[in-house]
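# Working through the structure, step by step
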Amino acid sequence: MNKEEFRKNQPVAYRVLSHALKSNSLSHAYLLSGAQGAPLSQCALLLAQSVLCENPDEDGLACQKCTSCLQVERQEHPDFFKIGRDSLMAQKPLRKKDIEAYWKNGGTLELPEIKFENYTIKKDQIARLQDFFSKSSSSEKGRRVYILEDYDRATVQASNSLLKFLEEPPEDVIGILTSHHLSNILDTIQSRTQIISLRPAGIKIRQEQILELIDDEKAAALLADHGFDQQDTARILRENRLFEMQEAAEKFLEMKGAHKAIYYLQHEIFPFKNKEFNRMDFQLFLYWISFLSFERKDLSLKKKLDTQTTCLKILDQLKTPADAALLLDRFCFYMHEIF
């Protein structure tokens, strides 16, 4: 995110952070929070760049062009530590065979992709963060920064370790946590950070950004309507079956909830013998059912509304640790009753 977008789309957060940067009154830790679609990762990166920038502008924001800014973006700055799914710090320490593979691949280090469903922040990663900041700063400013993305996915043990770090933070160390689910973060962590709320970009803006990735108006509209932004879409395209779920939803609606439709879902689309059942795929399937049902001329308004209500009910239950197989059975039962 460039700083002009930040200033235009997040005016309150911009003023708060600009004042802190200009007056050298930064908090020791920030918690960036917002609904799905809020640009948390992008704003966290911009703030980290601003803290370490060699040539900040008159508002205290990063130039995004100097060596320090580019190093932060590439996660190469010696005073920057990041834990996120795209971060080296999210990986276990490299083994000898990883290093040997690096040289065999001509200098290309291939790390396993961390799926969002498997991503957690663990105690040992917080220990590495603490060890990282036990050393002195290498920059003239003396500041050091860390980012912990999606902190609501931290284990209790990790949070307890971080709590001690927040209670007695090293001098000139700035922490930036992000979360779309503030209620899942311990109150003791929240109370030791300055919470800054970010608002999602408008649906139209999100849809335009998503269309830069996928040339499909329906898919872009679906994702934007449900709060996904361009970064979320990139993750979905890597990890999920977006268009296969669209085809499955179309076929299911054609079958109108008959027994063969239930068999189709349970044995062809979501076979539970496969332990890698992806809840996000199921979520996308429900989005498509709700979206496509309103396009069908052969369904009465009542059936369309009942279908949408059923999808919303199951989506709400998907947010809990409920068994996915049970939720799929429940969805099929409800749909059979509707049709």
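Described below are features of the structure shown in this document. If you're wondering where the values come from, they're calculated on a predicted model, not measured in any experiment.

### Some remarks on a nonpolar patch on the surface
A contiguous nonpolar patch, built from L213, L237 and F243 and spanning about 230 Å² of accessible area, is present on the exposed surface. Among the secondary structure elements, L237 is positioned in helix α11 (residues 230-239).

### Some thoughts on the sheet that holds strand β2 (residues 80-83)
Here we have five strands laid out as an open sheet, ordered β2-β3-β4-β1-β5, and parallel in their pairing. Two strands close off the open sheet at either side, each with one partner strand: β2 and β5 (194-197). For this sheet the average axis-to-axis angle between neighbouring strands, irrespective of direction, equals 15°. Taken together, the four bridges between strand β1 (residues 29-33) and β5 define a ladder with parallel strand orientation. The residue of β5 that forms the bridge with L32 is I196. Against the sheet, helix α6 (residues 123-132) touches β2 and β3 (144-148), its axis set at about 175° to β2.

### Quick word on the layout of surface pockets
Take a probe with the size of a water molecule and roll it over the atoms, and the empty space left behind shows itself. Space inside the second largest pocket adds up to approximately 320 Å³. M1, E5, P39, Q42 and Q209 are the residues nearest the centre of the second largest pocket, which is lined by 14 residues in total. Broken down by secondary-structure element, the contributors of at least two residues to the lining of the second largest pocket are α1 (3-9), α9 (203-211) and α11. A per-class count over the lining of the second largest pocket returns four nonpolar, seven polar and three charged.

### Observations concerning α6
Taken residue by residue, α6 has Q125, I126 and L129 as its buried positions. Buried residues along α6 cover an arc of 100° about the axis, so they all sit on one side. Those residues of α6 hidden inside the fold are in contact with β2, β3 and α7 (156-167).

### Some words on the side chain of T178
By the element assignment, T178 lies in strand β4 (residues 173-179). Only 3.0 Å separates the side chain of T178 from the backbone nitrogen of D150, close enough to count as a polar contact. Filtering out sequence-adjacent residues up to four positions away, T178 remains in contact with L31, L32, L40, A44, L148, E149, D150, Y151 and D152.

### Considerations on the pattern of salt bridges
Tallied over the entire structure, the rule returns 12 salt bridges. Across the pair R74 and E76 runs a salt bridge, and its minimum N-O distance is 3.0 Å. Judged by its relative accessible area of 48%, R74 falls in the partly exposed class. Linking R241 and D281 is a salt bridge whose minimum nitrogen-to-oxygen distance equals 3.0 Å. In this pair, R241 sits in the loop between α11 and α12 (242-255) while D281 sits in helix α14 (residues 279-293), placing the two residues 40 residues apart along the sequence.

Cut-offs used in this document
- Residues numbered from 1 in each chain as written.
- Predicted model: local features only at pLDDT ≥ 70, side-chain atom pairs only at ≥ 80, totals over all residues.
- Heavy atoms only, no water.
- Patch = residues over 30% accessible without salt bridge, like charges linked within 9 Å, V, L, I, M, F, W, Y side chains within 5 Å.
- Areas by Shrake-Rupley, 256 points an atom, 1.4 Å probe, with all protein chains shown as cover.
- Salt bridge = Lys/Arg side-chain N within 4 Å of Asp/Glu carboxyl O.
- Helix = DSSP H or I, 4+ residues; strand = E, 2+ residues; numbered from the N terminus.
- Pairing = 2+ DSSP bridges.
- Axes fitted to C-alpha atoms, helices over the stretch in contact; angles between N-to-C directions.
- Contact = heavy atoms within 4.5 Å.
- 1 Å grid on protein atoms, 1.4 Å probe; cavity = no way out; pocket = protein on both sides within 12 Å on 5 of 7 lines; lining within 4 Å.
- Points joined across faces, edges and corners; volume = space filled by probe spheres on them.
- Nonpolar A, V, L, I, M, F, W, Y, C, P; charged D, E, K, R; others polar.
- Buried < 20%, exposed > 50% of the residue type's maximum accessible area, 1.4 Å probe, protein only.
- Arc of directions from axis to C-beta.
- Polar contact = N/O pair within 3.5 Å; in protein donor to acceptor, adjacent residues only side chain to side chain.

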